[in-house]
Amino acid sequence: MNAFAAKARNVDWHRVQQVVKWVVYTLLLVNWVFYIFEDANRAFHTLTPESGFFKWTAEFATSIDEAAWFILLLMLELETYILGDDEWKGWVAKTVRGIRLLCFVMIAHTVVANTNAVQDYQPTTVWENVDHLCDIADQDVSYVYNLEYTEVTTETCNDLPTADQYYQVGDDPVISTFAGLELERDLAWADLVEVIVWILIIFAIEMVVRLQDRDITSGTLITLANRGKIVLYSILGVIAIYWGTLGHWLYTWDEFLWIAGFGAIELNVNEWREEILEHQAEEAGVEA
């Protein structure tokens, strides 16, 4: 036991932390590529020649959102770890904060897109005159269940589920069973709740960072922010497990990776707090 403790003391845990952090960031970037392909596949089934610009961007909302959060994560990394106090000023600080503002605009787009999706999925519209999906084969209509899209063709229609009635999903040329429509609604709500929770988390982190910029390391606001983040991260964990129960393991994996990524930022903020406290203690010692 003593030998193990001695080895643990000799490990450069700070270096280990940094390696793990950048591995997580790299994996998040890889996940972003997967989301681009997934969004492109969904767009193939949902977009039409009449689709407008916002409809196009809405179908790629996940990719846009992931890009915004990744850039935001790197900007927080710059502010809370890479850049020192002497470097964090002037045009550098303004540039980083400007990029972060752009990221918030991109995230706001995701909120609007997800809100529209929730609203679009509410109407229960029966697809008339369809007794079997082969009745609408090769008419540029797709069947969806649990986010899995299949174009309805003469080759695929007999393999798709049968139902007494089929329902339109949103205002897209997409059809499903009633159970499939209900599931799409639930997933749309999960997407909306998730992005709102992440926004609350980033606001809490921003508040702590702004306070520490003023050398404030404790108090009611910081306590509320830190305790609130525990609740918010827990909600994200529940959402991740929900996606896993539906077989969306990429979403589950991605969610926990993002939690780990922002956990790295939390560690940066904690280290920064310790530095502030040490500096304050030194100043207090000098004055004494």
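Just above sits the structure.
Described in the following lines is the structure provided in the data block. (Residues numbered from 1 in each chain as written. Predicted model: local features only at pLDDT ≥ 70, side-chain atom pairs only at ≥ 80, totals over all residues. Heavy atoms only, no water.)

Before going further, it helps to spend a moment on the state of the cysteines. Enumeration over the complete set of coordinates arrives at 1 disulfide. Disulfide pairing places C134 opposite C157 at an S-S distance of 2.0 Å. When the S-S torsion is 85°, as for the bridge of C134 with C157, the disulfide is right-handed. Residue C134 is found in the loop between strand 1 (125–126) and strand 2 (142–145), and its partner C157 is found in the loop between strand 3 (148–151) and strand 4 (167–168); the two are separated by 23 residues along the sequence. (Disulfide = S-S within 2.5 Å. Helix = DSSP H or I, 4+ residues; strand = E, 2+ residues; numbered from the N terminus.)

On to the packing of aromatic side chains. Enumeration according to the criterion identifies 10 aromatic pairs in this entry. On the numbers, 6.3 Å between centres and 50° between planes, the contact of F104 with F203 is tilted. Pair noted here: F104 is in helix 5 (residues 90–120) and F203 is in helix 6 (residues 178–213), with a separation of 99 residues, a long-range link. Here the aromatic residues W69, W198, Y233, W258 and F262 are joined through ring pairs into a cluster of three or more. (Phe/Tyr/Trp six-rings, centres within 6.5 Å; stacked < 30°, edge-to-face > 60°.)

To continue, consider the sheet that holds strand 1. Read from one edge of the open sheet, 5 strands run 1-4-5-2-3, paired in mixed fashion. Strands at the two margins of the open sheet, each flanked by one partner only, are strand 1 and strand 3. Pairing geometry for strand 4 and strand 5 (residues 174–176), over 2 bridges, is antiparallel. What sits directly across from Y167, in strand 5, is S176. Strand contacts of helix 6: strand 2, strand 4 and strand 5, with the helix running at about 65° to strand 2, the strand carrying the most contacts. (Pairing = 2+ DSSP bridges. Contact = heavy atoms within 4.5 Å. Axes fitted to C-alpha atoms, helices over the stretch in contact; angles between N-to-C directions.)

Another point: the pairing of strand 2. Judged from the 4 bridges that link them, strand 2 and strand 3 form a sheet pairing that is antiparallel. In the sheet register, Y143 faces strand 3, and the bridge partner there is T150. Hairpin connection of strand 2 to strand 3: 2 residues between the antiparallel strands, including N146 at a positive phi of 55°. Summarising the sheet, strand 2 and strand 5 pair through 2 bridges and their orientation is parallel. By the bridge assignment, S142 is partnered in strand 5 with V174.

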